[in-house]
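Summary of structural features
Next come the chains, spelled out residue by residue.
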Amino acid sequence: YGPDPAVRSEDEIVGFSSVGPTKDGRIKPEVYCIGSDVASAASDTSGACPSSSGRPETVELSGTSMATPACAGAAALVREYVRKGYYPSGAASAGDGFVPSAALVKGMLVSSATVRPLTHRRMPLATTPSKELGFGRVDLSQVLRFDSSQFQLKLVDRHTVEHGAFRRYLVTSSGPFRVTLVWTDPPSYPSAERNLVNDLDLVVVRPGGAQLRGNDFAGTGQADTVNNVEHVTVPSGDDGQHQVFVYGTELNWFPQSQAFALVIAGSFVDDQQESAGTIDGMPARDTDTCSGVVTLTEATGSLSVGSAAGSVLCQWIIAPPDVTLLTVTLDQFATQGYDLEIFQCVDAQCTQKELLGRSSGGDSGTVSSFTGVILVRLSSDGATTGSGFSLAWESQESAEQCEGVVTLTEETGEFESALPYANGLSCSWIIAPTDATSVELTFTRFGTEENYDFVRVFECEGEGTALAACQNSKRVVQLSGSIQTPRVVTVRTGAMRVSFNSDESQVALGFAATWAAGFAATNPDDEVPQPEEKHCTGSQTFTDPSGTLEDGSGTADYGNNVDCEWIIAPAGAPGVSIQFSQFETEQDYDVVRIYECQNEQCPDPVLLAELSGSRSGQRVQTSTGVMRVVLTSDDSVSSGGFSATWGLVSAPCTGMQTLTDQSGSFADGSGVAYTNDLNCEWIIAPQDAGAVELTFSKFETEEGYDFVTIFNCADGEACVNTTQVAGLSGFLVSGQKVQSSTGVMRVVFTSDYAITFGGFAASWIAKAEADPITDGACSGTVAFTEASGSLEDGSGAGPYANNLECIWTIEPPGAQTIELVFSEFETEEGFDYVVVFECADTDCSELIDLAFLSGSQEGTTVRSNRGKVFIVFVSDESTTGPGFAMSWTSSTEAAEPQCTGSQTLTETSGTVEDGSGAALYQNDLNCEWIIAPLDAVALTLEVAIETEEGFDFVEIYECETEQCQNPTLLVDQASGILSGELQSSTGVVKIVFTSDDSVSSQGFQITWALFTPPTPSCSGQQTLTDPSGTLEDGSGDEPYTNNLECTWIIAPSGATHGVALLFSSISTEEGYDGVETYNCETEECLDAERTNFISGSLGEGSTTGIISPTGVLKVVFTSDFTTTGQGFSATWGPVSAPCTGLQTLTGRSGSFEDGSGMAYANDMTCEWIIAPPDALSIELTFSEFATEEGFDFVTVFECTDGEECLAPTFLSNFSGVLGPTTVRASTRAIRVVFASDLTITSGGFSASWTSANEDDPDTPSEPEPTDTPAPAAKPALQVVSTLVGVTAAQLRANLGGFRTSVASLHVGVSADDVVVDEESIADVPARRRRLLADSVSVAYEIQFEDRAAADAAVAVQENGATALQQRLVTEGFTDLQSITIESVAVSDPAADSDIVTPRESSAPRGVHGAWAALAAVTAVAIALQV
């Protein structure tokens, strides 16, 4: 709501505000704050105050950008009220102060929103609280109690209630009072139908025994089960002792305890009595089979629970020590009535968790946790059957993680992170092949936590040892998230550095990369000429009044390392406007900046816009006659660039003009586009006029921000006494008319500080008197009883009026059907609308919604199969339009159904339709067609559907016979606008069409014809008993056919160790067509265990394998009825005895392999220690390598202690399909570990090794130590704690054990030492507790004991960024690029007030309002930062 003319009082909600409830029934919005035409500080990019650009220092805006900071400011005042100890006495008392929870702050805001009637364009009159409008307008005078307040206040914070328990509070009332319950609910699942996780209930029991339930606005006695805010207003009367209960009705989050806040405000006395108990009748949580929470720490194990009657809630935390990968397999869940959920937990207490899987019976499967902790939860409501469930778990010890800096000098090689990688990593690899002139890095696998864990690639600069040590470098690319591989990055020097940083929460699969060195050509004739790179250079100046501008690359991408400038300075121009017809750059790295200048030299440019990414259509203009455009690109990725046109901005309108001619025209004066910050007025006062009609030939403004407002003037040209006629904004059709009801009209044009458009042009004509408003505008209810007729909105040739609510009823005597046709319809879309209803019964006690029309709806037809319709027209308080005109016809005869019952069609081809022809289909249809041509084998169907989406449906089935007793669904509930071709696999098809009782559409048409399906690629079941062989889908070089189900039983005799199936190619419709495999005990395969489903495509040269340890493998290939592919090809054979245990190899050279033969086994771990006598180094070469990429690995370690290898150091690991690959170790022994997981396999590996001894002639000598070692990076925690004067131990304790610091750090400073505000630190979410290596953002809240110390804040603010950056670089953070001090809050105890001095280093355009609130209220820095 707000004070602008379009809002009539503080209790009216502005028309563009939304209403509730949410989809799942929650109350949103909950509170309202002023948000219309609010004055706020205007952004000035120069940082000067007052504004150096000469612009106004405030700006008026409307919307959530204003309402949100107003509510945030109110929240900050509530927080300050509690922290300074105003509660409970009403006067400040430091001893009474405490830090309120978020729930308490929210509860006090909701409690302040007292009961009142509110109006809204969608709800002409409603009383809050309600599900639609929330709890009302924030009014802190109703909840912040001071000495003079006439009400009492009781606050309860951080009390807890258990599942099945209650807390009770007693108060004695002497009048009305309000009770508000709020709790911070745990997060729900994205797909949850109900988002509430922990359900508490508020009940107030009155002295007479009557119960008032939270949010029961209608008095139904029903409990609220969807909101985490519950409110009760207790009216006066029946005064006396009231009981306030908080019930723990349903607590689903572990642990089953919920903290809450309670606010009671009004006329009462706090009896200061509290009690707790158990809810009567709540089912016991313990059963004979399981109870409570059990923690299991074994590395492997199993658990099972049998079925039991009664309500059950059992939880197991599986947390083996020193584990990162934990796999749980659900073997059996043969129970109905239970819910089994498996979560991944972030810690051993499972305070935060993520759902991995859920089952309600009859399922089995496997899930894995990267954190090493899993929570298993079993629950039921008591109605259970079956034999319970069983599961087993296995764990994998923490993987060897990267650390420090690794230097790689080989010409080619590979490296990777651990799988999964750990939190808190900071690793680097320097790749510096000898004599290389370039290095190409290829990522073959990449997956990190997006925007939190980063891989950065740097190009090293310099020569010799400086280049090899990468002492100086510049960043080429930064990668995070899921990156499509292969991804190639190239540097043009002979060395690169790759850094990997992970934060303190969440991990992923990590990355793997290979590199190859490039070398300069030794023969000049061998040099490959490089293509000429087209791009702009230097600076250009344009003085033409208009023209075009582009980046200079033509149709190619612009170049790297571009820095170009264009000065646009047309002679005498009042302003310059530029619009980008095409704009595409590398987001955040390649940037176009636009400045306005005072002259061509542009000594003090003012930044207007900073554009990056996709910004086609963007328009920017200056308020001076000179524009500067600058393009900069970094040294890596480029894109298509930009092209733009520029032109002059005409002198903008200013001040007020009076126009007295009988007719004429005027415009905003902008030419190409109007300017920002305009406020122009025109008084149109023709002599002796009774009215003025204004017609807009052009209207383009920024919708919702730039307005043309039109007023009636009741006192002539003075125009002081005005009433608003219209408020226009956005894009309006040419010819829009507005008429005054007096002889003088006032037109006001205002624009805000940002985006502009083409402006407006208008003409006027004087009239002797105003056109009659006739029904004009319409009002009240008009009844028609004619059999046919027409009506319109009542505006005639002009636009309809604002704030209309008109109703027409059409009820011809004896009518059975009524049809409405809207020949004209144009309203303000989404705000002005027509709704058509029909009566559901004879007395019209219930209405059925037939149509909702808004915007451009000309030609719409609406049909009613009943004898009475209602037409309701509503317009809001601002923009209008031409309106509507419609006609109707009726019939006294009931309409014959367009289709009925069931029809059987036996022609070989034909068409089925809904029966409506060119008209709309009827409501309440239920029709069926059986298409059964004689001797048909299959049918093809051409389908075109246009129905009311989500309500009227076409379903298509295929059947074996005309009776269609067991149909198979081909198309399920097709609705909306659809078309396409289908093929049935049988000769009989059934079509069903249903429509509901309201809106209809054009219907459907389906054409059928006979179809001869191709011969199936494969069919039936085959048993294969040869020792080995090949298997394929049978399609040859052609795609496989649809609707396949083919089975092969592979059962070679003598397969002692199992049978393997190795796929050399597979190409199917991913997710729909694929190969399923099963393990079987016998050829009959009666108790098959499903192991895999393989679908999609294999990469070129890749293989994937399946093993059945039982020696019998069942393979099933299925395809659906649509898209196909090339199919699959595979070979099978017996599995050799797998490698086992540990082998030690001591020869100076030799070879070994995984021992698998065709494919290695699942769940296998084998180790080899290679320790030749007197070896100085070992070279290991894989001649063949094929494993399941990302899941089965060969890992190589260096052993510094020789053959014992008790403390191995990670060297490298490999996965996937590789060519010949070599890894070198500079130790006397290496350890090779091969591990496979539980599912897919591949061909395995073969490897050989050689060693070098001291007596070998080519043994390299140890490198000489360098004099200038690279600085070792210190943990961010140590650096930041040193800078703010807090010990690392103190800060780490407050951070809950996290290694790194916070992005928003709140520090309280007293006279003689520095302490950390624990509450502020605890409020920062875990994933924000990090210090990035390339960007630091720090916010201080500093409280000083004296003014001198407060003055030091200026130095902190001005010099802190530079000092902190230098310090971090000194401490080893060489990657650091920038640092920003966001804000400093200074407290002056002598004045008993807070002075907040915000610092906004580069305020983005379009972000407004937040700093206005920051400057207006105390301690808001905390609220905004947290």
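Residues numbered from 1 in each chain as written. Predicted model: local features only at pLDDT ≥ 70, side-chain atom pairs only at ≥ 80, totals over all residues. Heavy atoms only, no water.

By the definition in use, this model includes 18 salt bridges. Close ionic contact of R158 with D157 constitutes a salt bridge, the shortest N to O distance being 3.2 Å. Exposure remark for R158: the relative accessible area of 40% places this residue in the partly exposed category. Its relative accessible area of 15% is what places D157 among the buried residues. Three or more residues are tied together by salt bridges with common partners; here these are K28, E30 and K106. (Salt bridge = Lys/Arg side-chain N within 4 Å of Asp/Glu carboxyl O. Buried < 20%, exposed > 50% of the residue type's maximum accessible area, 1.4 Å probe, protein only.)

As for its position among the elements, S502 is in the loop between β26 (496-501) and β27 (510-518). For S502, a relative accessible area of 8% corresponds to the buried category. Looking at S502, its side chain comes within polar contact range of the main-chain nitrogen of G424, at 3.2 Å. A polar contact of 2.9 Å, which involves the side chain of S502, links it to the backbone nitrogen of L425. (Helix = DSSP H or I, 4+ residues; strand = E, 2+ residues; numbered from the N terminus. Polar contact = N/O pair within 3.5 Å; in protein donor to acceptor, adjacent residues only side chain to side chain.)

Residue-level pLDDT values for the protein average 77, and 78% of them are 70 or greater. Of the regions scoring below 50 in pLDDT, residues 50-55 engages in 10 contacts with residues more than four places distant in sequence or in other chains. Long-range and interchain partners of residues 121-125, a stretch whose pLDDT sits below 50, account for 16 contacts in this model, where long-range means more than four residues apart. (pLDDT = per-residue confidence, 0-100. Contact = heavy atoms within 4.5 Å.)

Okay, helix α1 (residues 64-83) next. Under the 1.5 Å per step criterion, the end-to-end length of α1 is 28 Å for 20 residues, consistent within 8% with the ideal 28 Å. Looking one or two residues past α1, G85 carries a phi angle of roughly 80 degrees, positive in sign. (Expected span 1.5 Å × (residues − 1).)

It is worth spelling out the nonpolar core at this point. In this structure, F1152, W1168, L1180 and F1245 are the most contacted members of the largest nonpolar core, which totals 30 residues. Listed by contribution, the elements that provide at least two residues to this core are β67 (1059-1067), β75 (1165-1170), β76 (1175-1186), β77 (1193-1199), β80 (1221-1225), β81 (1229-1235) and β82 (1244-1253). Ranked by the residues each element gives to this core, the list is headed by β76, at 5 residues. Membership of the second largest hydrophobic core comes to 28 residues, among which are A103, V138, L144 and L153. (Core = buried A, V, L, I, M, F, W, Y, C linked by side-chain atoms within 4.5 Å.)

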